[in-house]
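What follows is the residue order along each chain.
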There are 6 protein chains.
Amino acid sequence: MRPSARALDELRAVTLVPNPAKFAEGSCLAKFGDTHVLCAATVEEKIPPFLKGTGMGWVTAEYGMLPRATLERTEREAVRGRQSGRTQEIQRLIGRSLRAVTRRELLGERQIRIDCDVLQADGGTRCAAITGGYVALALALRRLQAQGRLKENPLTEGVAAVSCGIWQGDCMLDLDYAEDATAMADANFVLTASGLMVEAQASAEARPFTSDQFAQLLALAQKGAARLITLQKEATG
Amino acid sequence: MRPSARALDELRAVTLVPNPAKFAEGSCLAKFGDTHVLCAATVEEKIPPFLKGTGMGWVTAEYGMLPRATLERTEREAVRGRQSGRTQEIQRLIGRSLRAVTRRELLGERQIRIDCDVLQADGGTRCAAITGGYVALALALRRLQAQGRLKENPLTEGVAAVSCGIWQGDCMLDLDYAEDATAMADANFVLTASGLMVEAQASAEARPFTSDQFAQLLALAQKGAARLITLQKEATG
Amino acid sequence: MRPSARALDELRAVTLVPNPAKFAEGSCLAKFGDTHVLCAATVEEKIPPFLKGTGMGWVTAEYGMLPRATLERTEREAVRGRQSGRTQEIQRLIGRSLRAVTRRELLGERQIRIDCDVLQADGGTRCAAITGGYVALALALRRLQAQGRLKENPLTEGVAAVSCGIWQGDCMLDLDYAEDATAMADANFVLTASGLMVEAQASAEARPFTSDQFAQLLALAQKGAARLITLQKEATG
Amino acid sequence: MRPSARALDELRAVTLVPNPAKFAEGSCLAKFGDTHVLCAATVEEKIPPFLKGTGMGWVTAEYGMLPRATLERTEREAVRGRQSGRTQEIQRLIGRSLRAVTRRELLGERQIRIDCDVLQADGGTRCAAITGGYVALALALRRLQAQGRLKENPLTEGVAAVSCGIWQGDCMLDLDYAEDATAMADANFVLTASGLMVEAQASAEARPFTSDQFAQLLALAQKGAARLITLQKEATG
Amino acid sequence: MRPSARALDELRAVTLVPNPAKFAEGSCLAKFGDTHVLCAATVEEKIPPFLKGTGMGWVTAEYGMLPRATLERTEREAVRGRQSGRTQEIQRLIGRSLRAVTRRELLGERQIRIDCDVLQADGGTRCAAITGGYVALALALRRLQAQGRLKENPLTEGVAAVSCGIWQGDCMLDLDYAEDATAMADANFVLTASGLMVEAQASAEARPFTSDQFAQLLALAQKGAARLITLQKEATG
Amino acid sequence: MRPSARALDELRAVTLVPNPAKFAEGSCLAKFGDTHVLCAATVEEKIPPFLKGTGMGWVTAEYGMLPRATLERTEREAVRGRQSGRTQEIQRLIGRSLRAVTRRELLGERQIRIDCDVLQADGGTRCAAITGGYVALALALRRLQAQGRLKENPLTEGVAAVSCGIWQGDCMLDLDYAEDATAMADANFVLTASGLMVEAQASAEARPFTSDQFAQLLALAQKGAARLITLQKEATG
């Protein structure tokens, strides 16, 4: 029995609330159990310098966490004066994941920036950020289409992320914080609606794992991602 | 007629939601119309160096704003690498305001830190932060008393804050962003349940004002603060 | 009897030395007793980006303190790598105060920057900075007029600042450091030659105060500011 | 034919030079073709605070690149004032990889710090750093054993890293910079002598990939890592 | 004829005002013509970590410049967020120069910190800082002796600094800013009362120079330093 | 007998390896005994703002040290978030030294940047950096000439640097770390092929020195620099 008492292949209760933020062009509050991430999309009519003149757009992300999102308070990054390595790693992952399903040549020379802010953290915040970030992006792009600023939807298909891990030898889906903190390995998978892989990251925390175990983690993730993609369709439908 | 169509002495719809944050020792979501501030209290069993050995505790605050809390996106302070002067000014104000109603000798050598994070910003965020921060503080202290870690409640009375301003010559209460941006002067008052003044800050934005106008602003603030203090009592009751 | 043995409504000896700095376009050494602030105006033929094309000018200020201006040495901000929140709060106040008496449409698209550096600190440095900063600004503008670069004087009237406080229950004018450190409340008022209010800031340090006490502080400040404005006229006359 | 004209499963010429650094406790110059990384181990008789009193040691890494290691000069991180997100991500990966084969309870309360500095960069620098870092670590630990400061070798087995990628539809091993820059996906695998997985990271750069392709990448990596581990044995033998 | 119309071996008018700073333990306002540097000594009963337990003291310095000390305004280092390389180079030079005449074993485990702040800059600020810094140091040490906190004077002899340069082929003493800016080489010498050398720094700005020219510069410096040391004796007498 | 057992006027074994860096426009590995500095030149078709439109080019340098170049590990400057004062002082010296032998009007509006990275440090790193930096610069300029991008060689003559010091009363050439750490004074001289002086820096570490001693140091340096310039000719020949 895993700590959360869920089945090994069972997601937490997941909710994707569309457009909770009054001022953003698109937004989503992604709840994976007690993990709550507010994702807000901003449309900017400018692009990074390396894209000037290419006709291509860009999708990027920033990630943050409220200091008391966590059980123990975490120091505010604005006070420390820099984003941690972990924060930067996560926001780069979110951006890459969303770009992988975006035909940037259809976006034109504009940038969509997705702010993912963790209001409450109970494990899996990067997966909730990617899953909710896709919804915020889709809603912002739909608004651009409705305004006639985009002809065609640049998104090729949905993309979602889910964590897995090995806990006392068992492979399991969607770890909460208590499970993650004691897992011997954990992994994050970013997968598309058609079952393609966008990112895979697996780390031995305490002990290396076999390639068979890795294959089991991937199979669990495929099952979880399919469910998340169904919820994304409802949220943007 | 003021832009928001409210009466000159009319607050926005105000809600103070107690304990929305699962992990904090006390918390409050303060909504002043479309301004939403999440205030979370953390109890720390350590104090700043200058208080060591005095038997006195400390109350302090940090303030932040989600990048897309605002109509136009604001750059993330963790990315810029420092808190702005405005942020530091506000968090010092919140801390001073809460300390003014705290008998720190009753708190013992511990620190309560209040994180005030603006989820949505439509004017008056510092006032919502002080008003909600008091609720978060009161709830955290009550928990300490329930746990037997505090004998007596260190709070002397409630404290709330409200903004006022002069708009086209009229003095008015609780400006929203559109009103604030075009006001010729604005003010913030921090007042206690018994009507005492903790802080007064008034600034001419476009044109100096008379001491009569200042007196009118103070009278409006006294009326608004009384209503906020009633709501605090309900939230902590 | 107050610690400084002055009457409750008595300023310290105040001197405003015009143009002590050889290289600045205008300057003033403001001495409020043992508080000495060197204010130097620099005329810049460029403006902040948000004013480009508006035909309006800008007045801004920076504030600093020599490390050994104080009784105990203060760490150098250039070594710490950032200006403190207090410093930023003060320099924003100085800038706002001077802009309130400047018709910026008469200044043209140029910026006057006022550097206020505290050579010696014995309380009331921000008030000395505003009061001396006005003189430096006026002298720089007069030079621009003499050079034919300005047609009309953009200043509407003089502006000065003075502190007040409540010490052992008594309201008193122009606190020195020893008085300020033990006051139960302190306040800073920025007032114009015609008696208008530009800024009011009052803080309870130890205990909230009544609105009657606030009114007494304002009355003391009005008396003090009138004297400072007389001295400004002599310094710029 | 791949750009480098190597076979799809062919590593570049790899050399692991033991102890090139006169002053370090252990070191290795790892050359993967034109990628040259100098890895130097420092033994520190202190540990991070969270390990104090646990009897456990720590292995950590730092990563850097000479500005002109690359075809186009890269700005020096010491000048920019911070390590990039990419640098931090890589150094965290190196540290995790080496800790996964270290029995930290045998290390005692000391820390081994591995500095990995890229002298020349032609793709795969993080893999060369992990592979050479293991050699530097092993040599430093052997010296500690020779000095009688360690009773038992804390290393469980060798660990090496290699990159793979998908280039024009073909899966291939050990990409150089020209291949990496035009790959549609790339991956890094950290594998042990016994064939276990320590880390897997795969990213779609241009287009998502299938789980079959991922399996091919893993198979290539297993072949390459086996060869690297043979070379490690020679370097430390 | 040199630009300043002085003789080639003529110092500017030099004044060393003792103890102008009310709060410092010792201070000196050093005026070399229009270059004015305020030097203030702070006695600290603690030393840098590397000296703990040695019984030796330390003398160190910090250097700063008011933004409008110069003809064109210089950006404030506290705003830029760091001290420039030039500032650090100068403050290290001041510290080394003063330590060279201090028997640190007589100082005990305390640190004297000399703040040198340039109020007005017309060339030669580092030389004025060293020359005035010695006076501030001597006055602070005398006070320590008078208080019985020091038995013996740790200073071995006076130390002063002066600049020289080659301007249109002529070697000359004590360059002002206009001379320095157009010199083909400049030099700074730190010399003691007995004629020993503490520091020599000579740089070709536009063109290398001969060792004969260098010898002429040194001879000029010896003459100038002798005069400065006489003035130091008067200031501390 | 000096610690290194060399004659007082004897350099360490010096090697200047031309073009060890595959990607740089010119490079040199300068070995002064166990001090190894990699110098790499980058040609940039842009210049600092203050040179725009002058037709003049620029030569600048950056300096760094691998953390474990030294006997005891040194903290990485990219981690500390800034270059030390020492680093900045050295890189300014390298740039000035190379500019002194460059006719910048022949370089055109381009900048050559010399990165000097210390791989191993045993004293005299700044001298090795200048000596090797000249070779890297010369090789890069020759390549520009070969490509027809430069008509004439902008270098006027060779420039080299060497350290000297006073150790137990004896003047000696080219101190290694053990000698430097215990010297009572040390000096660095930058000299040209024709015997001119570009820079002289001498510091009393423990005790002031006489002008006679200074003259002996200079004579030793002239001898050493002549040998270094011969080696430069071979490396660039």
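About the cut-offs
Residues numbered from 1 in each chain as written. Chains lettered and ligands numbered in written order. Predicted model: local features only at pLDDT ≥ 70, side-chain atom pairs only at ≥ 80, totals over all residues. Heavy atoms only, no water. Helix = DSSP H or I, 4+ residues; strand = E, 2+ residues; numbered from the N terminus. Buried < 20%, exposed > 50% of the residue type's maximum accessible area, 1.4 Å probe, protein only. Contact = heavy atoms within 4.5 Å. Areas by Shrake-Rupley, 256 points an atom, 1.4 Å probe, with all protein chains shown as cover. Disulfide = S-S within 2.5 Å. Buried area = accessible area lost by both parts, 1.4 Å probe. Salt bridge = Lys/Arg side-chain N within 4 Å of Asp/Glu carboxyl O. Least-squares fit on C-alpha atoms with pLDDT ≥ 70 in both. Pairing = 2+ DSSP bridges. Polar contact = N/O pair within 3.5 Å; in protein donor to acceptor, adjacent residues only side chain to side chain. Axes fitted to C-alpha atoms, helices over the stretch in contact; angles between N-to-C directions. Parallel < 35°, antiparallel > 145°, perpendicular 65-115°, else oblique. Left-handed = near helix turned anticlockwise from the far one by under 90°. Phe/Tyr/Trp six-rings, centres within 6.5 Å; stacked < 30°, edge-to-face > 60°.

(A) Summary view of the overall build of chain A. Counting its secondary structure elements, chain A contains six helices and nine strands. The dimensions of chain A, computed from C-alpha atoms along their principal axes, are 55 × 40 × 30 Å. Within the span of chain A, comprising 237 residues, buried residues form 64% of the whole. Excluding contacts between residues fewer than 6 apart, the proportion of contacts in chain A whose partners are at least 24 apart in sequence is 72%. Approximately 8900 Å² of chain A is accessible, and the part contributed by carbon and sulfur atoms is 49%.

(B) Summary view of the state of the cysteines. All names here are of chain D. Inspection of every chain in the model, using the stated rule, returns zero disulfides over all chains. Sulfur of Cys116: no disulfide; nearest cysteine sulfur belongs to Cys39 and is 4.1 Å away. The buried category is assigned to Cys116, whose relative accessible area is 0%. Cys171 takes part in no disulfide bond, and the closest cysteine sulfur to it belongs to Cys164, at a distance of 8.2 Å.

(C) Looking closely at the arrangement of the chains. For the non-touching pair chain C and chain D, the nearest C-alpha separation works out to 12 Å. With no contact between them, chain B and chain F keep their nearest C-alpha atoms 12 Å apart.

(D) Highlighting the interface of chain E and chain F. Taken residue by residue, the interface counts 26 residues in chain E and 26 residues in chain F. Carbon and sulfur atoms supply 52% of the area buried between chain E and chain F, which totals about 2300 Å² over both sides. Three residues, Glu89(E), Met197(E) and Pro208(E), lead the burial of chain E against chain F; their summed loss comes to 23% of the area buried on that side. Put simply, chain E and chain F have two salt bridges between them. Residue Arg92(E) pairs with Glu89(F) through a salt bridge whose shortest N-O separation is 3.2 Å.

(E) Spotlight on the side chain of Asp122(E). When you line up the elements, Asp122(E) lands in the loop between strand S5 (111-120) and helix H4 (125-146). Overall, Asp122(E) belongs to the buried group, its relative accessible area being 15%. Apart from residues no more than four positions distant in its own chain, Asp122(E) is found in contact with Phe23(C), Arg12(E), Asp34(E), Thr35(E), Leu175(E), Asp176(E) and Tyr177(E).

(F) Region of the structure containing the relation of the copies chain E and chain F. When chain E is fitted onto chain F, the two copies agree to an RMSD of 0.0 Å after a turn of 180° and an axial shift of 0.0 Å. When the rotation and shift are considered jointly, the pair of chain copies conforms to a two-fold rotation axis. Relative to the rotation axis, the closest C-alpha in chain E is found at Gln201(E), a distance of 2.3 Å. Comparing interface residues between copies, 100% of those in chain E also lie at the interface in chain F; the contact surface is shared.

(G) Here's a closer look at the pairing of strand S5 (residues 111-120) of chain B. Residue and element names in this part refer to chain B. Extensive coverage of S5 is indicated by the burial of ten of its ten residues. Here strand S3 (residues 35-44) pairs with S5 via nine bridges, running antiparallel. The residue of S5 that forms the bridge with Val37 is Val118. Relative to S5, strand S4 (residues 58-65) runs parallel, the two sharing eight bridges. If you follow Gly64 over to S5, its bridge partner there is Asp117.

(H) Main features of the interface of chain A and chain B. Each side of the interface is counted separately: chain A has 37 residues, and chain B has 37 residues. Contact between chain A and chain B buries roughly 2700 Å² in total, counting both sides, with carbon and sulfur atoms accounting for 54%. When the buried surface of chain A facing chain B is broken down by residue, Phe23(A), Arg68(A) and Arg76(A) rank first, second and third, together holding 29% of it. The interface formed by chain A and chain B includes 14 salt bridges. Close ionic contact of Arg76(A) with Glu62(B) constitutes a salt bridge, the shortest N to O distance being 2.8 Å. Applying the counting criterion to the chain A and chain B interface returns 22 residue pairs in polar contact (both at pLDDT 80 or more). Breaking the side of chain A that touches chain B down by element, the ones donating at least two residues are strand S3 (35-44), strand S4 (58-65), helix H1 (77-80) and strand S5 (111-120) of chain A.

(I) Local environment of the sheet that holds strand S2 (residues 26-32) of chain B. All names here are of chain B. The five strands are arranged S1-S2-S3-S5-S4 in an open sheet whose pairing can be described as mixed. Only two strands of the sheet have a single partner each, and these edge strands are strand S1 (14-18) and S4. Pairwise comparison of adjacent strand axes, ignoring direction, gives a mean angle of 20° for this sheet. Those strands touched by helix H4 (residues 125-146) are S1, S2, S3, S4 and S5, and its axis lies near 35° from that of S3. The strands touched by helix H6 (residues 211-236) within the sheet are S1 and S2, with S1 carrying the most contacts at an inclination of about 25°.

(J) Main features of the packing of helix H4 (residues 125-146) of chain D against helix H6 (residues 211-236) of chain D. Residues and elements named next belong to chain D. Two numbers describe how H4 lies on H6: the axes approach to 10 Å, and their chain directions differ by 30°. Put simply, H4 runs roughly parallel to H6. The crossing of H4 and H6 is right-handed. Packed against H4, whose contacting residues are Thr131, Tyr134, Val135, Ala138, Leu139 and Arg142, the element H6 presents Leu228, Gln232, Ala235 and Thr236 at the interface.

(K) Inspection of the relation of the copies chain A and chain B at higher detail. Overlay of chain A on chain B (RMSD 0.0 Å): rotation 180°, translation along the axis 0.0 Å. Of the interface residues in chain A, 100% have counterparts in chain B that sit at the interface too, so the contact is made through matching surfaces.

(L) Structural view of the packing of aromatic side chains. Going through the model one piece at a time under the given rule, you end up with 15 aromatic pairs over all chains. For the pair Phe214(A) and Phe214(D), a centre-to-centre distance of 5.1 Å together with 15° between the ring planes defines the contact as stacked. Pair noted here: Phe214(A) is in helix H6 (residues 211-236) and Phe214(D) is in helix H6, and the two residues belong to different chains. An angle of 90° between the planes, with centres 5.2 Å apart, marks the rings of Phe50(B) and Trp58(B) as edge-to-face. Among the aromatic residues, those joined into a ring-pair cluster are Phe189(A), Phe214(A), Phe189(D) and Phe214(D).

(M) Region of the structure containing the environment of Trp167(B). Residue and element names in this part refer to chain B. If you trace the backbone, Trp167 turns up in strand S6 (residues 159-167). On the basis of relative accessible area, Trp167 is assigned to the buried category, the value being 13%. For the pair Trp167 and Gln83, spaced 84 residues apart in the sequence, the C-alpha separation amounts to 30 Å. The residues touching Trp167, leaving out its near neighbours within four places in the chain, are Met1, Arg2, Pro3, Met172, Glu179, Thr182 and Ala183.

(N) Here's a closer look at the pattern of salt bridges. One pass over the full model with this rule turns up 129 salt bridges over all chains. Among the ionic pairs, Asp9(F) bridges to Lys223(F), the shortest N-O distance being 2.5 Å. With Asp9(F) in the segment before strand S1 (14-18) and Lys223(F) in helix H6 (residues 211-236), this pair connects stretches of sequence that are 214 residues apart. Residue Asp9(F) is classed as partly exposed on the basis of its relative accessible area, which comes to 32%. Via salt bridges that share partners, Glu44(A), Glu62(A), Arg113(A), Asp115(A), Asp117(A), Arg73(B) and Arg76(B) belong to a single interconnected network.

(O) Up close: the side chain of Arg12(A). Residue and element names in this part refer to chain A. With respect to the helices and strands, the residue Arg12 is situated in the segment before strand S1 (14-18). For Arg12, the side chain forms a polar contact with the main-chain oxygen of Asp122, separated by 2.9 Å. Excluding residues within four positions of it along the chain, Arg12 makes contact with Arg6, Phe32, Gly33, Thr35, Asp122, Gly123, Gly124, Asp174, Leu175 and Asp176.

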